[in-house]
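Here's the letter readout for the chains.
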2 protein chains.
Amino acid sequence: MTPALPRIDETHDPARKSWVESANGHADFPIQNLPLGVFVPDGSDRPRIGTAIGDCVLDLAALSAARLVPEPVQAALAEPVLNALFALPAAERGALRQALSALLSDPSQADVLRPMLHDSATVEMRLPAAIGDYTDFYVGIHHATNVGRLFRPDNPLLPNYKHVPIGYHGRASSIRPSGVPVRRPSGQRKSPEGDTPIFGPSVRLDYELELGIWIGPGNALGEPIGIENAAQHIAGFCLLNDWSARDFQAWEYQPLGPFLAKNFHSTISPWVITAEALAPFRQAQPARPEGDPAPLPYLWDAADQSGGALGLTLSVAIETAAMRAAAVPPFILGEGPASNMYWTAAQIVTHHASNGCNLMPGDLLGTGTISTPDDSGLGSLLEATRGGSAPVRLPGEERRSFLEDGDRIIMRARAQAADYVPIGFGACVAEVIPAIG
Amino acid sequence: MTPALPRIDETHDPARKSWVESANGHADFPIQNLPLGVFVPDGSDRPRIGTAIGDCVLDLAALSAARLVPEPVQAALAEPVLNALFALPAAERGALRQALSALLSDPSQADVLRPMLHDSATVEMRLPAAIGDYTDFYVGIHHATNVGRLFRPDNPLLPNYKHVPIGYHGRASSIRPSGVPVRRPSGQRKSPEGDTPIFGPSVRLDYELELGIWIGPGNALGEPIGIENAAQHIAGFCLLNDWSARDFQAWEYQPLGPFLAKNFHSTISPWVITAEALAPFRQAQPARPEGDPAPLPYLWDAADQSGGALGLTLSVAIETAAMRAAAVPPFILGEGPASNMYWTAAQIVTHHASNGCNLMPGDLLGTGTISTPDDSGLGSLLEATRGGSAPVRLPGEERRSFLEDGDRIIMRARAQAADYVPIGFGACVAEVIPAIG
């Protein structure tokens with residue numbers, strides 16, 4: 001029987017160092033991380049699977065061709081996307097991690113592996129998987145409360161919120177990796193005067209700070225995933241910027257939810273931080289406040305409650321064109337813990353499949369915006385500016401109610417726990433470019 | 001310059017007959033139809049592209065291998081799905097149709113082609129394309145009005161309805177071709193007594209009668225599709241049954257729209273009725289009632305208004321287990337014209353891409369339920385039973401508020417126009433099977 005949650009093992013040993021010198025003390029990618037991604041080396045047009053180690057990317061397709069990884073993962077590592085690897089049982093993905101950790105910490109392997117290393121600065125990162133379906137949830141309870149309050153001051157959370165992990169389907173085709181510019185969308189918005197809407201570039205463009213959950217093996221149509229097995233179906237995590245046009249959203253979303261306000265572009269960090277890498281950073285799900293209902297039995301599992309939350313700090317920063325020109329560093333708009341999720345990743349997965357909906361390897365689930373209860377870590381401008389009415393102040397006299405062309409949004413996540421080496425997600429960055437024509 | 005809408009040509013000649021005798025006078029698949037699909041011959045495990053002709057399926061992979069189709073489509077026809085064919089320009093897809101019509105009407109070709117024909121009764125139909133993204137719209141105005149009235153008797157249509165083709169993202173992974181049974185989903189519903197929801201099999205399972213629109217070449221991210229070009233991006237049409245659990249829907253849908261109430265299964269008819277085949281059945285979009293707003297300029301095109309609607313009759317029928325046992329034929333629950341769409345297919349496509357959202361070959365768009373203004377052609381039980389309060393009477397003393405296990409739902413569509421041979425879509429059928437466990 002496989003464990004309900006990934007275990008801490010020698011790959012998390014804080015004393016373990018890599019012969020890739022830049023990995024030791026690296027903010028994101030020490031040898032304790034070993035995230036998975038898809039990269040294209042400089043001068044090549046063939047995407048291949050790699051792992052980030054310090055300032056380098058190790059070519060796992062080459063490693064696989066040399067049969068230096070366990071046999072069960074060799075074929076999957078030769079693919080141009082991670083879907084086949086995600087489809088493997090968690091134990092086999094864990095064995096890959098152990099093999100990588102051993103190879104990258106053993107100086108006697110350096111001569112063999114060094115030709116398979118690429119300088120990260122020279123490679124292009126692609127989407128890690130062919131995303132079949134993308135679903136976005138709404139489990140950041142303070143975000144849901146903050147946004148609800150803008151519409152319903154006396155009753156911000158709807159009656160279903162504490163019973164149902166609220167989610168909706170998003171658009172898979174328009175998800176892009178960090179670095180791809182985001183074109184300001186055009187669309188319908190309500191005109192301030194008169195009944196006729198107008199069509200044009202969004203004037204209330206926003207970001208949303210979220211975590212992404214990568215689906216592993218998944219389930220057959222009609223067969224739910226029990227909460228006790230849900231962790232087996234979570235391959236890893238990333239950062240997700242759910243760009244939102246608030247003016248379109250307010251006009252279009254009734255009665256069927258967000259559509260063109262969201263589906264023009266979503267940005268993800270390209271490295272999949274595996275569930276195994278995050279084992280030391282697991283935490284108890286915060287106790288529900290007094291008076292909140294208990295989760296229904298299909299969403300409750302003791303192991304998930306005691307270790308299904310993640311000790312992550314999430315942040316979002318802005319760099320405007322003026323800041324860039326003046327070499328002013330990015331300005332942190334918000335920073336806070338991922339523990340502000342009302343439901344765990346396992347509860348999200350189990351709920352999604354509870355009606356028999358089939359989740360597939362490489363599907364992506366967003367958590368929804370994660371905000372803090374106070375103003376220190378709001379995950380969207382909609383919240384930080386009180387619906388646009390209170391602009392945020394930026395360095396150099398600039399202010400923002402919503403995003404302007406040339407603004408670059410940078411999201412980061414960092415996992416920390418006493419006695420373990422912290423790991424990061426790498427950046428999720430994209431710049432807003434002007435609307436077409 | 002390609003024409004804005006497919007043209008009527010010799011392939012629509014009502015005098016044209018096929019040497020496949022069963023095609024002549026066939027209700028669905030005379031030589032004037034030539035739909036595209038993916039089938040698996042008896043005893044094979046290799047899906048291949050075919051066209052339906054009378055009671056037979058012609059193997060287009062074999063036809064392509066014999067180089068009997070134009071060169072530009074040969075590679076695409078060797079694929080196990082239609083995505084590559086859909087990606088080709090409309091003119092090349094039109095040339096394939098002309099080649100098929102010529103071959104199947106020319107008796108001198110019979111000896112060459114007969115070995116490539118399969119008896120339809122012996123093949124298994126698959127999904128015609130790998131569906132990247134699935135979006136469902138809400139353009140059946142009488143359905144929107146009927147459903148809105150259940151919730152808001154005085155104000156059934158929301159203010160955006162006549163300005164925005166309302167849509168939302170659905171789940172691609174759970175779409176199945178006609179014939180695959182539909183497992184009754186479990187989920188959360190509001191308990192009649194008390195505040196705590198209960199989890200269990202849906203007790204308000206429903207069908208929804210819709211058309212599906214198959215996307216052709218599509219657009220790059222950030223580049224809208226002008227309404228004058230939209231028809232070039234519509235490869236064809238199918239029937240769509242958007243199975244819905246009304247009890248889950250009522251509880252979960254606020255504020256982000258339908259989710260688990262819909263994503264457990266959707267059924268489509270397996271044959272793609274091409275835009276070219278439907279050329280003779282194009283109609284003017286019905287004039288908007290006096291007082292309705294004009295579409296915004298990005299959604300208005302003269303050619304689309306004069307010929308962008310389809311002369312189709314849609315029907316939905318039920319066959320219960322008891323009817324089947326007694327050999328009672330299916331009972332028609334509703335029948336009506338597709339002209340009850342408030343927006344055309346071109347308007348749907350243009351709106352979807354208006355913010356730069358990239359549509360991909362093989363994406364599927366649903367129209368939403370299409371109902372008549374009177375009771376003759378309601379597209380869901382929710383409407384036909386007034387929210388479950390007025391059960392419909394079936395043959396043999398049976399009644400239905402919502403669907404029971406063993407119920408089989410059969411949808412059909414038929415295109416008719418004076419002076420042309422009518423064509424059909426083939427059936428979209430599935431049976432409800434009991435919930436798991």
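This one's a predicted model, so the numbers in the text were calculated from it and none came from an experiment.

Caption draft 1: Highlighting the UniProt feature "domain: Fumarylacetoacetase N-terminal" (unreviewed entry) in chain A. Within this numbering scheme, the UniProt entry marks residues 32-128 of chain A as carrying the feature "domain: Fumarylacetoacetase N-terminal" (unreviewed entry). Across residues 32-128 of chain A, the secondary structure splits into 38% helix and 22% strand, with the terminal C-alpha atoms separated by 20 Å.

Caption draft 2: View of the interface of chain A and chain B. With 58 residues of chain A at the interface, the matching set in chain B holds 58 residues. Both sides together, the interface formed by chain A and chain B hides about 5,300 Å², and carbon and sulfur atoms give 62% of it. Across the salt bridge formed by Asp 363 of chain A and Arg 171 of chain B, the nearest N and O atoms sit 2.5 Å from each other. Put simply, the parts of the chain that give the side of chain A that touches chain B at least two residues each are strand E6 (134-137), strand E7 (167-169), strand E10 (186-189), helix H7 (246-252) and helix H10 (345-353) of chain A. Partitioning the side of chain A that touches chain B into residue classes produces 28 nonpolar, 22 polar and 8 charged.

Caption draft 3: Main features of the environment of Gly 308 of chain A. All names here are of chain A. Looking at where Gly 308 falls in the secondary structure, it is placed in the loop between helix H8 (302-307) and strand E19 (309-310). Put simply, Gly 308 and Glu 398 are 90 residues apart on the chain and 40 Å apart in space, counted from C-alpha to C-alpha. Setting aside residues up to four positions removed in sequence, Gly 308 forms contacts with Leu 5, Arg 282, Gln 283, Ala 303, Thr 344 and Ala 345.

Caption draft 4: Focus on the sheet that holds strand E2 (residues 48-53) of chain B. All names here are of chain B. Reading across the sheet, the 5 strands line up as E4-E3-E2-E1-E5 and stay open at both edges, with antiparallel pairing between neighbours. The two strands at the open ends of the sheet, each matched to only one other strand, are strand E4 (117-119) and strand E5 (124-126). In this sheet, adjacent strand axes meet at a mean angle of 50° when their direction is disregarded. Sheet analysis places strand E3 (residues 56-59) next to E4, joined by 3 bridges and oriented antiparallel. In the strand pairing of E4, Leu 58 is matched with Leu 117. On top of the sheet, helix H4 (residues 90-105) reaches strand E1 (36-40), E2 and E3; it is set at about 55° to E2, its chief contact.

Caption draft 5: Focus on the UniProt feature "binding site: substrate" (unreviewed entry) in chain A. The residues that UniProt annotates with the feature "binding site: substrate" (unreviewed entry) are Tyr 138, Arg 152, Gln 249, Tyr 253 and Thr 369 of chain A. Following the sequence through the fold, Gln 249 of chain A ends up in helix H7. Beyond its immediate chain neighbours, meaning those up to four positions away, Gln 249 of chain A contacts Ser 244, Pro 258, Ala 261 and Lys 262 of chain A. One polar contact links Gln 249 of chain A to Arg 246 of chain A, side chain to side chain, over a distance of 3.0 Å. In this structure, Tyr 253 of chain A sits in the loop between H7 and strand E16 (266-268). With near-sequence residues (within four places) excluded, Tyr 253 of chain A lies in contact with Pro 258 of chain A together with Pro 255 of chain B.

Caption draft 6: Fine view of the packing of aromatic side chains. Applying the stated criterion to the full structure yields 14 aromatic pairs over all chains. A centroid spacing of 5.6 Å and a plane angle of 85° characterise the contact between Phe 137 of chain A and Phe 259 of chain B, whose relative ring orientation is edge-to-face. Of this pair, Phe 137 of chain A sits in strand E6 while Phe 259 of chain B sits in the loop between helix H7 (246-252) and strand E16 (266-268), which puts the two residues in different chains. The residues Phe 137 of chain A and Phe 259 of chain B share a single accessibility class, namely buried. Residues Tyr 298 of chain A and Phe 199 of chain B carry aromatic rings whose centres are separated by 4.0 Å and whose planes lie at 25° to one another, so their mutual orientation is stacked. Residue Tyr 298 of chain A is located in the loop between strand E18 (282-283) and H8, and its partner Phe 199 of chain B is located in strand E11 (residues 198-201); the two belong to separate chains. Overall, the relative accessible area of 14% leaves Tyr 298 of chain A in the buried class. The rings of Tyr 138, Tyr 161, Tyr 342 and Trp 343 of chain A are connected pair by pair, giving a single aromatic cluster. Across the ring face of Trp 343 of chain B, the terminal group of Arg 288 of chain B is positioned such that the distance to the ring centre comes to 4.5 Å.

Each value, and the rule that gives it
Residues numbered from 1 in each chain as written. Chains lettered and ligands numbered in written order. Predicted model: local features only at pLDDT ≥ 70, side-chain atom pairs only at ≥ 80, totals over all residues. Heavy atoms only, no water. UniProt positions renumbered as here; feature names shortened; annotations may be inferred. Helix = DSSP H or I, 4+ residues; strand = E, 2+ residues; numbered from the N terminus. Contact = heavy atoms within 4.5 Å. Buried area = accessible area lost by both parts, 1.4 Å probe. Salt bridge = Lys/Arg side-chain N within 4 Å of Asp/Glu carboxyl O. Nonpolar A, V, L, I, M, F, W, Y, C, P; charged D, E, K, R; others polar. Pairing = 2+ DSSP bridges. Axes fitted to C-alpha atoms, helices over the stretch in contact; angles between N-to-C directions. Polar contact = N/O pair within 3.5 Å; in protein donor to acceptor, adjacent residues only side chain to side chain. Phe/Tyr/Trp six-rings, centres within 6.5 Å; stacked < 30°, edge-to-face > 60°. Buried < 20%, exposed > 50% of the residue type's maximum accessible area, 1.4 Å probe, protein only. Lys NZ or Arg CZ within 6 Å of the ring centre and 35° of its normal.

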